[in-house]
Amino acid sequence: MVLCEILTLHAKLDPPHFSLCLLRISAGSFIGGILYKKFGGLITLRIFSVFALFSAFIYFVLYVLYLKHKISDTRNNVKWRQPDDAQNHCVIADT
């Protein structure tokens, strides 16, 4: 009950999507705490490691099959300049 009131207050006061981020962090801590209590630290670390490896594999497959073809190649659109151009462009504060 108190958590609902806190999230409602945050939804009114905080920037957009902040309460969703807070809810994800809370859910992750809750699940991590349950796994730690039930299985211990080593097994929980292994569970999270397997989940991270699975997520990375899914992202890799998604990237190879779909995202690689949708994302434009920015390396060809770069205008290369000399390092002195950056010094001329930036304002340097006096020390």
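Remember, predicted model here, so these are calculated numbers, not experimental data.

Colleague: Looking at this structure, I do not really get the overall build of the protein chain. What am I missing?
Modeller: Within the protein chain, the regular secondary structure consists of four helices and zero strands. In the protein chain, the succession of α and β elements from N to C terminus is α-α-α-α. Taking all 95 residues of the protein chain together, 4% fall into the buried category. In the form shown here, the protein chain has an accessible surface area of approximately 9200 Å², with 68% of it arising from carbon and sulfur atoms.

Colleague: Sorry, what's going on with the packing of aromatic side chains here?
Modeller: Aromatic ring pairs are reported here in terms of the distance separating the ring centres and the angle at which the planes meet. Under the defined criterion, the tally for this structure stands at one aromatic pair. Between the aromatic rings of Tyr59 and Tyr63, the centroid separation amounts to 6.5 Å while the plane-to-plane angle is 25°, which identifies the pairing as stacked. Pair noted here: Tyr59 and Tyr63 are both in helix α3 (residues 41-70), with a separation of four residues, about one helical turn. Residue class for Tyr63 comes out partly exposed when judged on its relative accessible area of 32%.

Colleague: Any chance you could explain the UniProt feature "transmembrane region" (unreviewed entry) in the protein chain here in plain terms?
Modeller: Listed under "transmembrane region" (unreviewed entry) in the UniProt record, and renumbered for this structure, are residues 43-66. In residues 43-66, the share of helix is 100% and the share of strand is 0%. The end C-alpha atoms are 34 Å apart.

Colleague: I would appreciate a short explanation of the side chain of Thr44 in the present structure.
Modeller: Inspection of the secondary structure puts Thr44 in helix α3. At a separation of 3.4 Å, a polar atom in the side chain of Thr44 contacts the main-chain amide nitrogen of Tyr36. When residues no more than four places from it in sequence are discounted, the contact partners of Thr44 are Gly32, Leu35, Tyr36 and Phe39.

Colleague: So what exactly am I meant to see when it comes to the confidence of the model for the protein chain here?
Modeller: Do not read the fine detail of predicted coordinates wherever pLDDT is low. Of all residues in the protein chain, 68% attain a pLDDT of 70 or more, and the chain-wide mean is 78. Taking the mean pLDDT of every element in the protein chain, the minimum, 61, falls on helix α1 (residues 2-13) and the maximum, 91, on α3.

About the cut-offs
Residues numbered from 1 in each chain as written. Predicted model: local features only at pLDDT ≥ 70, side-chain atom pairs only at ≥ 80, totals over all residues. Heavy atoms only, no water. Helix = DSSP H or I, 4+ residues; strand = E, 2+ residues; numbered from the N terminus. Buried < 20%, exposed > 50% of the residue type's maximum accessible area, 1.4 Å probe, protein only. Areas by Shrake-Rupley, 256 points an atom, 1.4 Å probe, with all protein chains shown as cover. Phe/Tyr/Trp six-rings, centres within 6.5 Å; stacked < 30°, edge-to-face > 60°. UniProt positions renumbered as here; feature names shortened; annotations may be inferred. Polar contact = N/O pair within 3.5 Å; in protein donor to acceptor, adjacent residues only side chain to side chain. Contact = heavy atoms within 4.5 Å. pLDDT = per-residue confidence, 0-100.

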